[in-house]
Amino acid sequence: MRNTILVTILPVTLLFGACTAMKMERPQEGVRIDAPAAWLESGKGANKRISTGWLDEFDDPRMKQLVREANRNNNDLQAAAHRLRAVKEGTVGARAARLPSLRAGAGYSRSRSGNGPFRDTSSGSYSASFSASWEADLWGRLRDLDAAAQAGYQAALADYRAARLSLSINTAKSWVNLITAEQQLDLANKTLASFERALRIVERRYKANQLRAVDVQFARNNVAAAERNVRSRTLDRNEAARSHELFLGQYPAADLKGSLDLPGLKQGIPVGLPSDLISRRPDLVASQANVYASAKRADAARKDLLPSLRITGSTGNSSSSFRQVIDPAYLTWAAASSLAQTVYNGGAPSADARAALARNKASIETYVQDCLVAFREVESALETDRSLAEQEVFLRQEVEQASLAEEQSERDFTKGIDGSSFLEILEAQRRAVNARGNFIRLRNQRLQNRLDLHLALGGDFETTK
């Protein structure tokens, strides 16, 4: 009677668990994002293939050399590489769970017992054992966990590629900032020299009673301000050098010297960039891999509600004689199989499955949001590039006219032409200095924005994978 009840309850229990697992909602392994057919904003230029060395777009061999050096020596990137190797090794455990587990052992023990006034006795014992176990992957749960681990590695690999791309971009941006700081310092020194020259003229004419004392005071004020600006620009230049040296894995001693020429752009942005370029962006690749991994983990959690089948076997022997231990005739063996399922555990298994499904849905929403952010970054960079290019045309004219006005006002003042005044020189100098400084900053902005665009696209303008 007892056996009949057991035989009746066991199938019902297994069937109940199977029904519970099958009723649960299936996770989503991916999501489709409809990207724009072409970017809304794009510049004009030759659609020339840019290799994975997107640096070819920038006419600066030194920049390429420094980026390569940063990829070799940067400590953060080396740490990311070690973490990637750790993730790769972690996939071995998930794959090993699908294979049989084998274990072998051998031992020797010796004991001694006292017999009072009689002679003590001692004995030795040899042992050898071998066991094996294997969980049959009836429902594909272990296969799902293996797939999740592999997807996790792909996500980690994409994260490493993102770190490498980010390092390359930021190294290039840091180099551009160092050159800009060098140019601003050079401009500050030239401005100081110009103000000192003007001061000499003012002092000479003041001694000839041709100018008032206030003109001398204005000129000296300009020189003092220019001296202060040189010190400030020197500090900015040294800080830019230190920041760049950190990317190169060097001690930040501010010894690195920058050029006085900003890199030129060999081409404009191609018209109608293909929208699928965004799909190769490393952080989106990682996010998509995380969606797949979460789906597989959710599948595995759902299948964990089903029965599991495990097969075990063992053989071995123990004897005081080593020869008997290794003699097959004395070996003992056992084999067993078990079908097991958790009947009740406070609802924890079902809760784990629901939580895994919720994490899958969260990863999908995260991926969609990441895509939208990526689209916004690309669109903004494209529009900014067009705007900065237009601004540069007008700012170049502003610099030219301000420089001409500065030269003319100094000539008129030196020759003593009627209507010329030192205040006119001061205004012309102020406008010229501001225009030159703004021009340097604008060119820096254009280069920084182009680098941001490559970061947003995940590479050059053409390579899709």
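Whatever comes next refers back to the structure up there.
The following refers to the structure shown. Just so we're clear, the structure is a prediction, and the values are computed from it rather than from any experiment.

The rules behind each value
- Residues numbered from 1 in each chain as written.
- Predicted model: local features only at pLDDT ≥ 70, side-chain atom pairs only at ≥ 80, totals over all residues.
- Heavy atoms only, no water.
- Helix = DSSP H or I, 4+ residues; strand = E, 2+ residues; numbered from the N terminus.
- Contact = heavy atoms within 4.5 Å.
- Salt bridge = Lys/Arg side-chain N within 4 Å of Asp/Glu carboxyl O.
- Buried < 20%, exposed > 50% of the residue type's maximum accessible area, 1.4 Å probe, protein only.
- Core = buried A, V, L, I, M, F, W, Y, C linked by side-chain atoms within 4.5 Å.
- Phe/Tyr/Trp six-rings, centres within 6.5 Å; stacked < 30°, edge-to-face > 60°.
- Lys NZ or Arg CZ within 6 Å of the ring centre and 35° of its normal.
- Expected span 1.5 Å × (residues − 1).
- Patch = residues over 30% accessible without salt bridge, like charges linked within 9 Å, V, L, I, M, F, W, Y side chains within 5 Å.
- Areas by Shrake-Rupley, 256 points an atom, 1.4 Å probe, with all protein chains shown as cover.

Here we take up the side chain of Asn449. Topologically, Asn449 is positioned in helix 9 (residues 422-457). In contact with Asn449, other than residues within four places in its own chain, are Ala381, Thr384, Asp385 and Leu388.

What follows deals with the pattern of salt bridges. Close approach of charged atoms allows side chains of opposite charge to pair. In the structure shown here, the tally under the stated rule is 29 salt bridges. Here Glu135 and Arg310 are joined by a salt bridge, their closest N and O atoms 3.4 Å apart. On the criterion of sequence distance, the pair formed by Glu135 in strand 3 (residues 118-136) and Arg310 in strand 5 (residues 308-319) is long-range, its members being 175 residues apart. We classify Glu135 as buried; its relative accessible area is 15%. Among the charged side chains, a salt-bridge network with shared partners connects Glu135, Arg141, Asp304 and Arg310.

What follows covers the nonpolar core. A general tendency of soluble globular proteins is for nonpolar side chains to be buried together. Ranked by internal contacts, the top residues of the largest apolar core, which has 32 residues, are Trp54, Met63 and Ala172. Elements represented by at least two residues in this core include exactly helix 2 (61-73), helix 3 (75-96), helix 4 (141-207), helix 5 (213-247) and helix 9. Counting residues per element, this core draws most heavily on helix 4, which supplies 13 residues. The residues touching Met63, leaving out its near neighbours within four places in the chain, are Leu55, Phe58, Ala172, Trp175, Val176 and Pro263.

Next up on the list: the packing of aromatic side chains. Two measures describe an aromatic ring pair: the distance that separates the ring centres and the angle between the ring planes. Under the defined criterion, the tally for this structure stands at two aromatic pairs. When the centroid spacing of 6.4 Å and the interplanar angle of 80 degrees are considered together, the rings of Trp54 and Phe58 count as edge-to-face. For the pair Trp54 and Phe58, a shared accessibility class is recorded, and that class is buried. Arranged with centres 6.0 Å apart and planes meeting at 50 degrees, the rings of Phe413 and Phe422 form a pair that is tilted. Judged by its relative accessible area of 3%, Phe413 falls in the buried class. Residue classification places Phe422 among the buried positions, given a relative accessible area of 2%. In this arrangement the basic side chain of Lys88 is found over the ring face of Tyr153, its NZ or CZ atom lying 4.7 Å from the centre. Here the basic side chain of Arg205 rests over the ring of Phe413, its NZ or CZ set 4.6 Å away from the ring centre.

Next up on the list: helix 4. Along its 67 residues, helix 4 runs 96 Å from first to last C-alpha, staying within 8% of the 99 Å computed at 1.5 Å per residue. Positive backbone phi, at 60 degrees, marks Asn209, one or two positions downstream of helix 4.

For the rest of this paragraph, the subject is a nonpolar patch on the surface. Judged by side-chain polarity, Leu138, Trp139 and Leu339 come together as a nonpolar surface patch covering roughly 290 Å² of accessible area. Residue placement: Trp139 occurs in the loop between strand 3 and helix 4.

Quick look at helix 5 now. Across its 35 residues, helix 5 extends 52 Å between first and last C-alpha, which sits within 8% of the 51 Å expected from 1.5 Å per residue. Taken together, the buried positions of helix 5 are Asp215, Val216, Ala219, Asn222, Val223, Ala226, Val230, Arg237, Ala240, Ala241, His244 and Glu245. Looking at the packing, one finds that the buried side of helix 5 touches helix 2, helix 4 and helix 9. Phi turns positive one or two residues past the end of helix 5, at Gly249, with a value near 75 degrees.

What follows covers unusual backbone geometry. Even without glycine at this site, Asn209 takes up a positive phi of about 60 degrees. If you trace the backbone, Asn209 turns up in the loop between helix 4 and helix 5. One non-glycine residue with positive phi stands out, namely Ala254, at about 60 degrees. By the secondary structure assignment, Ala254 is in the loop between helix 5 and strand 4 (264-265).

Now for the environment of Ala104. Here Ala104 is to be found in strand 2 (residues 101-115). Taking C-alpha positions, Ala104 is 9.3 Å from Gly316, a pair spaced 212 residues apart along the chain. Those residues in contact with Ala104 that lie beyond four places of it in its chain are Ser129 and Phe130.

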